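A structural walkthrough
One letter stands for each residue in the lines below.
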Amino acid sequence: MATYDTTENKFPGLVELDVLRLTVIVDNEVDNMSSVPKELGLTTQQQSLFKDHRRLDKDRSTVTVPPTSGGHTHAHTHATEDGKDDASKRGMTTVNYDFSDVCCGAHGLSVLLTGVKDGKEHKVLFDTGPHSAIFLENAKRLEIEFEKIDVIVLSHWHIDHSGGMLAAVERCQHARRQQQQQSASSVVVDLHPDRPDERGACLTKPSPPGSTAPLEPIEYVAWGKEPSFPALESAGGQVSLNAKAHTICENYFGVSGTIPRRTTYETGIPNHVRWSDASKSWSSEPEIMDERYLVARVRGKGLVVLTGCSHAGVINVCQDVQRAFGPAEDNGGDKIFFVAGGFHLAGSSMETRIQETVKDMKVINPAFMAPGHCSGWRAKSALENAMIGQVVSLGVGSDFCIAQEHI
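Residues numbered from 1 in each chain as written. Predicted model: local features only at pLDDT ≥ 70, side-chain atom pairs only at ≥ 80, totals over all residues. Heavy atoms only, no water.

**Comments concerning the overall build of the protein chain**
The helix and strand tally for the protein chain stands at 9 helices and 18 strands. Scored against the burial criterion, the 407 residues of the protein chain give a buried share of 49%. (Helix = DSSP H or I, 4+ residues; strand = E, 2+ residues; numbered from the N terminus. Buried < 20%, exposed > 50% of the residue type's maximum accessible area, 1.4 Å probe, protein only.)

**Focus: the sheet that holds strand S9 (residues 238–241)**
With mixed pairing, 7 strands are arranged side by side in an open sheet as S9-S6-S5-S4-S3-S2-S18. Two strands bound the open sheet, and with one partner strand each, they are S9 and strand S18 (399–403). Each adjacent strand pair in this sheet contributes to an overall mean axis angle of 20 degrees, direction not counted. In the sheet, strand S5 (residues 149–153) pairs with strand S6 (residues 188–191) via 3 bridges, with the strands oriented parallel. Its bridge partner lying in S6, Ile152 is registered against Val189. The sheet strands contacting helix H2 (residues 132–141) are strand S2 (19–26), strand S3 (110–117) and strand S4 (120–126), and the helix crosses S2 at an angle near 130 degrees. Across the sheet, helix H4 (residues 165–180) touches S4, S5 and S6, and the angle it forms with S5 is around 170 degrees. (Pairing = 2+ DSSP bridges. Axes fitted to C-alpha atoms, helices over the stretch in contact; angles between N-to-C directions. Contact = heavy atoms within 4.5 Å.)

**A look at the pattern of salt bridges**
For the structure on display, the rule yields 25 salt bridges. A salt bridge links Asp52 to Arg54, with the nearest nitrogen and oxygen atoms 3.0 Å apart. We classify Arg54 as exposed; its relative accessible area is 62%. In this structure, the salt-bridge partner of Asp52 is Arg55, at a minimum N-O distance of 3.1 Å. Looking at Asp52, the relative accessible area reads 11%, which means it is buried. Given a relative accessible area of 24%, Arg55 falls into the partly exposed group. Through salt bridges with shared partners, a single network forms among Asp52, Arg54, Arg55, Asp101 and Glu143. (Salt bridge = Lys/Arg side-chain N within 4 Å of Asp/Glu carboxyl O.)

**Some words on the packing of helix H8 (residues 354–364) against helix H9 (residues 377–386)**
Where H8 meets H9, the axes come as close as 10 Å, and the angle between the chain directions of the two elements is 40 degrees. H9 is crossed by H8, and the crossing has right-handed handedness. Touching Ile354, Val358, Met361 and Lys362 of H8 are Arg378, Ala379, Ala382, Leu383 and Ala386, all from H9. Within the contact of H8 with H9, the residues separate by chemical class into 7 nonpolar, no polar and 2 charged. (Left-handed = near helix turned anticlockwise from the far one by under 90°. Nonpolar A, V, L, I, M, F, W, Y, C, P; charged D, E, K, R; others polar.)

**Some thoughts on the environment of Glu384**
Residue placement: Glu384 occurs in helix H9. Under the relative-accessibility criterion, Glu384 is labelled partly exposed at 26%. Expressed as a C-alpha distance, the spacing of Glu384 and Met369, which sit 15 residues apart in the sequence, is 9.3 Å. Filtering out sequence-adjacent residues up to four positions away, Glu384 remains in contact with Gly389, Gln390 and Val391.

**Thoughts on the confidence of the model for the protein chain**
Across the protein chain, the average pLDDT comes to 90, with 90% of residues at or above 70. Long-range and interchain partners of residues 67–79, a stretch whose pLDDT sits below 50, account for 23 contacts in this model, where long-range means more than four residues apart. (pLDDT = per-residue confidence, 0-100.)

**A few points about H2**
Turn by turn, an α-helix covers 3.6 residues, leaving residues three or four places apart pointing in a common direction. Looking at H2, one finds that the buried residues are Ile134, Phe135, Asn138 and Ala139. Projected onto a plane normal to the axis of H2, the buried residues spread over an arc of 125 degrees and lie on a single side. Exposed and facing more than 90 degrees away from the buried side of H2 are Ala133 and Lys140. In this structure, the buried side of H2 is in contact with S2, S3, S4 and H4. Just downstream of H2 lies Glu143, where phi reads positive at about 55 degrees. (Arc of directions from axis to C-beta.)

**What about the state of the cysteines?**
The full count for this structure, using the stated rule, is 0 disulfides. The cysteine Cys374 is free of any disulfide, with Cys309 supplying the nearest cysteine sulfur at 3.6 Å. (Disulfide = S-S within 2.5 Å.)

**Focus on the sheet that holds strand S12 (residues 272–276)**
On the basis of which strands lie adjacent, the open sheet formed by 4 strands has the order S8-S7-S12-S13 and antiparallel pairing. The sheet terminates laterally at strand S8 (217–225) and strand S13 (281–284), the two strands that pair on one side only. Strand after strand, the sheet turns through a mean of 35 degrees between neighbouring axes, direction not considered.

**Some remarks on the pairing of strand S17 (residues 368–372)**
Burial analysis of S17 places 5 of its 5 residues in the buried class, which makes it a mostly covered element. Judged from the 5 bridges that link them, strand S16 (residues 336–342) and S17 form a sheet pairing that is parallel. Of the residues in S17, the one forming a bridge with Gly341 is Pro371.

**With respect to the nonpolar core**
With 32 residues, the main nonpolar core has Leu20, Phe253, Phe338 and Phe400 as its most contacted residues. In terms of nonpolar packing, the next biggest core, distinct from the first, is built from 29 residues, Cys318, Val321, Ala324 and Ile364 among them. (Core = buried A, V, L, I, M, F, W, Y, C linked by side-chain atoms within 4.5 Å.)

**Quick look at the packing of aromatic side chains**
Summed over the entire model, instances satisfying the criterion amount to 11 aromatic pairs. Seen in terms of ring centroids, Phe50 and Tyr97 are 5.0 Å apart; in terms of plane orientation they differ by 65 degrees. Their pairing is edge-to-face. Here Tyr97 lies in the loop between helix H1 (45–50) and S3 and Phe50 lies in helix H1, a separation of 47 residues in the sequence. The class for Tyr97 is partly exposed, based on a relative accessible area of 22%. (Phe/Tyr/Trp six-rings, centres within 6.5 Å; stacked < 30°, edge-to-face > 60°.)

**So, the environment of Thr93**
Of note, Thr93 is situated in the loop between H1 and S3. Spatially, the C-alpha atoms of Thr93 and Ser61 are 4.3 Å apart, while their sequence positions differ by 32 residues.

**A few points about the side chain of Asp320**
Considering the arrangement of structural elements, one finds Asp320 in helix H6 (residues 314–325). Apart from residues no more than four positions distant in its own chain, Asp320 is found in contact with Glu8, Asn9, Pro260 and Tyr293.

Set out below in structure tokens:
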């Protein structure tokens, strides 16, 4: 394993974006119905499908939608003698909604970020879910434009985040070649250099009540081989290894280095292990030090933080962001506006940290949070009860649009 530099992360030159969109391709949860504050500009996949007039049922519509209308109906209002609209005479459309078109949840995370500054756009794919099938199927349903993706960023080497990466690189390259009708430049794949051969968990015998003896291991569970650097390059990717904080896409986004562990209770995963092909053995690895977060600044809003699993602890993540940008009152209001992703507070050993996490999150006080993936319903419920109205679903198919003014 590598030696990790715990120097605090800095992101000099990170620009203020005019608009930031977060499109959720993979998440554990499907939630097309819960309300979300208008400040997050959310459009669910269900809402998009409801308004998709390519699915117009002409036999059951009394008004047509021209292909160039952008989905807007053209019908005259029919008023009664007293001036009121007569709905029975008004032209109406019927749109067919097929539940097989709705994205499916899976244990993993993948989010497409689109940053816009002065009309110029950059796209970053953050993680790729647990396997190619769910990633590609949901991406197809969401009509992801792979040719426009500039960089693929892996938060950390866990298969539920890296499992779809080879397919993502291949699809980006295929889409670029089709778009350009010639040899296309390679999509950049931003990775931490400390790639494990494989990771997993160590199952142990239950300890007797009150016992302080070390837990007795009974079985290892391997989670699957990580994609290799040569395989990613063969798929067409340009591998970029980064252990330290840096910016990408003309300073639109910041990617952290090692996340300092400072809280006393965020101590990693106790039964997490790492396999070495060289030694043919498993070793304990509770801290998962290669995890990185992504950060962006949005004009008039503040900082948006995307975290893969928060194995360093979501409080350590947020506090590191605060140190990187300084007190909000000292830099024009760069406080944390939105933190989204996995908070990793599910499971018996992790749920003991919920109370302290909630206490510290109230001090950080982001405007909004979207705990998803590995966060667990107990943590979501506790955060919502303590910070009413500040917690939303990350939900696969969600399309957040964060801007100074609603777009």
